[in-house]
Amino acid sequence: MTETDLEMAPQYDLSALVIPLLKGVIYQESDGGLWNALLNLQARVRDYVAVLGLELVLDEAEGYAFLRSRQADAEDDEAAAKLPRLIARRPLSFPVSLLLALLRKRLAEFDRGGGETRLVLSREDIVELIRVFLPPRSNEARLIDQIETHINKVVELGFLRKLKAASGQSANYEVRRILKAFVDAQWLSEFDARLAEYQTQLVSGGEGGE
């Protein structure tokens, strides 16, 4: 960031940075002024949220920042246990976890190919991505509706962004790059084994639910 950028950026106090972070993710593309202020004041933000038992995760290259619960050392376990959890842990269903893994793998393949920086998939692309791992159903429309529910959940979690579609066309979705922070390279390296576990669980669940 240049001196000119700092001079032109709006002035933000600490609370104006921490409050949006407590609400969710800050993206460089969404608010450049807020992003620049966060880069400039990130040391103070880290110190402030540490008191709350949180840590700042900031990826300058990918352009996103968020808060997560601080990983406590063994000596800090007792003190950490007394702190209220400000960032809720949301349990995910097997299909949603599976979809996140598949999207992360697709993002890794996309990055290896170079070129564009935004991975955009159609609704049909995502349906085909996950349907081969779901228990077969006799009712095709019901299966598609179920997958739509999983897609909407991933949108709600912030890992997909639904793009505006022209009239009469199906929706497209941008895979948000923050997904890389939640599904890391080590997790991805065990992807095939995890897929086998997911598929076993899904098939078992499907047999019980039909």
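Analysis parameters
- Residues numbered from 1 in each chain as written.
- Predicted model: local features only at pLDDT ≥ 70, side-chain atom pairs only at ≥ 80, totals over all residues.
- Heavy atoms only, no water.
- Helix = DSSP H or I, 4+ residues; strand = E, 2+ residues; numbered from the N terminus.
- Buried < 20%, exposed > 50% of the residue type's maximum accessible area, 1.4 Å probe, protein only.
- Contact = heavy atoms within 4.5 Å.
- Areas by Shrake-Rupley, 256 points an atom, 1.4 Å probe, with all protein chains shown as cover.
- Pairing = 2+ DSSP bridges.
- Axes fitted to C-alpha atoms, helices over the stretch in contact; angles between N-to-C directions.
- 1 Å grid on protein atoms, 1.4 Å probe; cavity = no way out; pocket = protein on both sides within 12 Å on 5 of 7 lines; lining within 4 Å.
- Points joined across faces, edges and corners; volume = space filled by probe spheres on them.
- Nonpolar A, V, L, I, M, F, W, Y, C, P; charged D, E, K, R; others polar.
- Salt bridge = Lys/Arg side-chain N within 4 Å of Asp/Glu carboxyl O.
- Expected span 1.5 Å × (residues − 1).
- Core = buried A, V, L, I, M, F, W, Y, C linked by side-chain atoms within 4.5 Å.
- pLDDT = per-residue confidence, 0-100.
- Phe/Tyr/Trp six-rings, centres within 6.5 Å; stacked < 30°, edge-to-face > 60°.
- Lys NZ or Arg CZ within 6 Å of the ring centre and 35° of its normal.

Along its length, the protein chain carries 10 helices and 6 strands. Counting only residues that meet the buried cut, the protein chain has 36% of its 210 residues in that class. In the protein chain, the proportion of contacts linking residues at least 24 apart, taken out of those at least 6 apart, comes to 57%. Total accessible area computed for the protein chain in this model is approximately 12800 Å², and 49% of it derives from carbon and sulfur atoms.

What follows covers the sheet that holds strand E3 (residues 64-69). Read across the open sheet, the 3 strands follow the order E1-E3-E2; overall the sheet is antiparallel. Looking along the sheet, the strands with just one partner apiece sit at the ends: strand E1 (26-27) and strand E2 (54-59). Relative to E3, E2 is paired through 6 bridges, and the arrangement is antiparallel. Bridged to Glu55 within E3 is Arg68. Strands E1, E2 and E3 of the sheet are contacted by helix H2 (residues 14-23), whose axis makes an angle of about 70° with E3.

In this structure, the second largest pocket spans a volume of roughly 170 Å³. Along the walls of the second largest pocket sit Tyr27, Gln28, Glu29, Glu62, Gly63, Thr117, Arg118, Glu174, Arg176 and Arg177, which together make up its complete lining. Counted by class, the lining of the second largest pocket contains 1 nonpolar, 3 polar and 6 charged residues.

Looking now at the pattern of salt bridges. Scanning the entire structure with this criterion turns up 14 salt bridges. Across the pair Glu140 and Arg131 runs a salt bridge, and its minimum N-O distance is 2.6 Å. Take Arg131: its relative accessible area is 22%, and that puts it in the partly exposed class. When the shortest N-O distance is used, the salt bridge between Arg161 and Glu174 registers 2.6 Å. You can see Arg161 sitting in strand E5 (residues 160-163) and its partner Glu174 sitting in strand E6 (residues 172-175), a full 13 residues away along the chain.

With that settled, consider the pairing of E6. In terms of strand pairing, strand E4 (residues 119-122) meets E6 through 4 bridges, oriented antiparallel. Residue pairing for E6: Leu119 is matched across the bridge by Val175. Two elements, E5 and E6, share 4 bridges in a ladder whose sense is antiparallel. Each bridged residue has a counterpart across the sheet, and for Leu163 the counterpart in E6 is Asn172.

Taking 1.5 Å per residue, 19 residues should reach 27 Å; helix H5 (residues 94-112) reaches 27 Å between its end C-alpha atoms and fits that length. After H5 finishes, the residue Gly114 shows a positive phi value of roughly 70°.

Core analysis: the largest hydrophobic core is formed by 35 residues, its most contacted members being Leu103, Val154, Leu160 and Val175. Those elements that provide at least two residues to this core are E3, H5, E4, helix H6 (123-131), helix H7 (140-157) and E6. Setting aside residues up to four positions removed in sequence, Leu103 forms contacts with Leu121, Leu129, Val154, Leu160, Val175 and Leu179. Ile26, Val45, Val49 and Leu67 belong to the second-largest nonpolar core, a separate cluster that totals 18 residues.

On to the environment of Glu197. The residue Glu197 is located in helix H10 (residues 191-209) in this model. Here Glu197 falls in the exposed class, since its relative accessible area comes to 52%. In this structure the C-alpha to C-alpha distance between Glu197 and Phe94, which are 103 residues apart in sequence, comes to 9.7 Å.

Scored by pLDDT, the protein chain comes out at a mean of 79, with 75% of its residues at no less than 70. Mean pLDDT across the elements of the protein chain ranges from a minimum in helix H1 (residues 3-8), with 45, to a maximum in E6, with 94.

Turning our attention to the packing of aromatic side chains. A complete count under the given rule lists 3 aromatic pairs for this structure. A ring pair is formed by Phe159 and Phe182, whose centres lie 5.0 Å apart and whose planes are at 70°; its orientation type is edge-to-face. Pair noted here: Phe159 is in the loop between H7 and E5 and Phe182 is in helix H8 (residues 179-182), with a separation of 23 residues, a long-range link. Lying across the ring of Tyr27, Arg176 places its NZ or CZ 3.9 Å from the centre.

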